Amino acid sequence: MSQNIKKPDWDNYFMNIAHVVASRSSCSRRQVAAVIVKDKRIISTGYNGTPRGVPNCNEGGCPRCNSDSPSGKDLAECLCSHAEENSIVQAAYHGISVKGASLYTTFSPCLICAKMIINSGIEEVVYHKRYSIDQTSLHLLQQGGVLVRPLLTEEEKIESGIQ
């Protein structure tokens, strides 16, 4: 018997996985993840957090994350690596090229991550939510020839009247 099973489209499939990956983050401020995809296959994932061997944010590892600094301030004090950075570095660590890939991220990239994305050869960035200080980074990604597009979840499309 044939059943009509509603599967998510590829974009929502990979973004849903990114949200699960974000749950691995121990950052006390924001849980962010990135999933790098090539030929509809996941080749790397990353989430924000302290470097290997350094205590996690929730263990006191990052002084900025454990302070009351407002979002976007004192970023030079943050010891954490961003999700996009970790996904690119994780691929490099295992000898996997990300050239020509797409990156799905739960938040739009910051400026430093945008530069890494361009230089790594990633061709597309799909993000769920806007990062508060991303205007320059989004412009730079577009200048660097990276396709950038937001992705609303099915529920968000329904709520906003978009079909």
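Given the structure is predicted, the values throughout are model-derived calculations rather than measurements.

With their axes 8 Å apart at the nearest point, helix α3 (residues 111–120) and helix α4 (residues 135–143) run at an angle of 10° to one another. Compared by their axis directions, α3 and α4 come out roughly parallel. The two elements α3 and α4 meet at a crossing, and its hand is right-handed. Contact residues: L111, A114, K115, I117 and I118 in α3; T136, S137, L140 and L141 in α4. Across the contact of α3 with α4, the residue classes tally to six nonpolar, two polar and one charged.

A separate point is the pattern of salt bridges. Applying the stated criterion to the full structure yields two salt bridges. With its nearest N and O atoms 2.8 Å apart, the salt bridge here joins R149 to D11. Note that R149 is positioned in strand β5 (residues 147–150) and D11 in helix α1 (residues 10–22), a separation of 138 residues in sequence. Given the relative accessible area of 24%, R149 is considered partly exposed. A relative accessible area of 18% places D11 in the buried class.

On to the packing of aromatic side chains. Inspection of the entire model under this criterion finds four aromatic pairs. Ring centres of W10 and Y13 lie 5.7 Å apart, and the angle between their planes is 85°; this geometry places the pair in the edge-to-face category. Within this pair, W10 and its partner Y13 are both found in helix α1, separated by three residues, close to a single helical turn. We classify W10 as partly exposed; its relative accessible area is 42%.

Strand order in the open sheet formed by five strands is β2-β1-β3-β4-β5, with mixed pairing between adjacent strands. Each having just a single partner strand, β2 (41–47) and β5 make up the two edges of the open sheet. Strand-to-strand twist across the sheet, computed as the mean angle between neighbouring axes with direction ignored, equals 20°. In terms of strand pairing, strand β4 (residues 124–129) meets β5 through four bridges, oriented parallel. Each residue of the ladder has a partner; that of Y127, found in β5, is P150. In the packing of helix α2 (residues 83–93) onto the sheet, the strands contacted are β1 (33–38), β2 and β3 (102–107), and the crossing angle to β2 comes to about 130°.

With that settled, the discussion passes to the pairing of β3. Each regular strand carries side chains that alternate between the two faces of the sheet. With six of its six residues buried, β3 lies for the most part within the structure. Across four bridges, the pairing between β1 and β3 is antiparallel. Bridging from a neighbouring strand, A34 pairs with T105 of β3. Following the chain from β3 across α3 to the adjacent parallel β4, one finds a crossover that is right-handed.

Procedures and definitions
Residues numbered from 1 in each chain as written. Predicted model: local features only at pLDDT ≥ 70, side-chain atom pairs only at ≥ 80, totals over all residues. Heavy atoms only, no water. Axes fitted to C-alpha atoms, helices over the stretch in contact; angles between N-to-C directions. Helix = DSSP H or I, 4+ residues; strand = E, 2+ residues; numbered from the N terminus. Parallel < 35°, antiparallel > 145°, perpendicular 65-115°, else oblique. Left-handed = near helix turned anticlockwise from the far one by under 90°. Contact = heavy atoms within 4.5 Å. Nonpolar A, V, L, I, M, F, W, Y, C, P; charged D, E, K, R; others polar. Salt bridge = Lys/Arg side-chain N within 4 Å of Asp/Glu carboxyl O. Buried < 20%, exposed > 50% of the residue type's maximum accessible area, 1.4 Å probe, protein only. Phe/Tyr/Trp six-rings, centres within 6.5 Å; stacked < 30°, edge-to-face > 60°. Pairing = 2+ DSSP bridges. Right-handed = clockwise from strand over helix to strand, strands pointing away.

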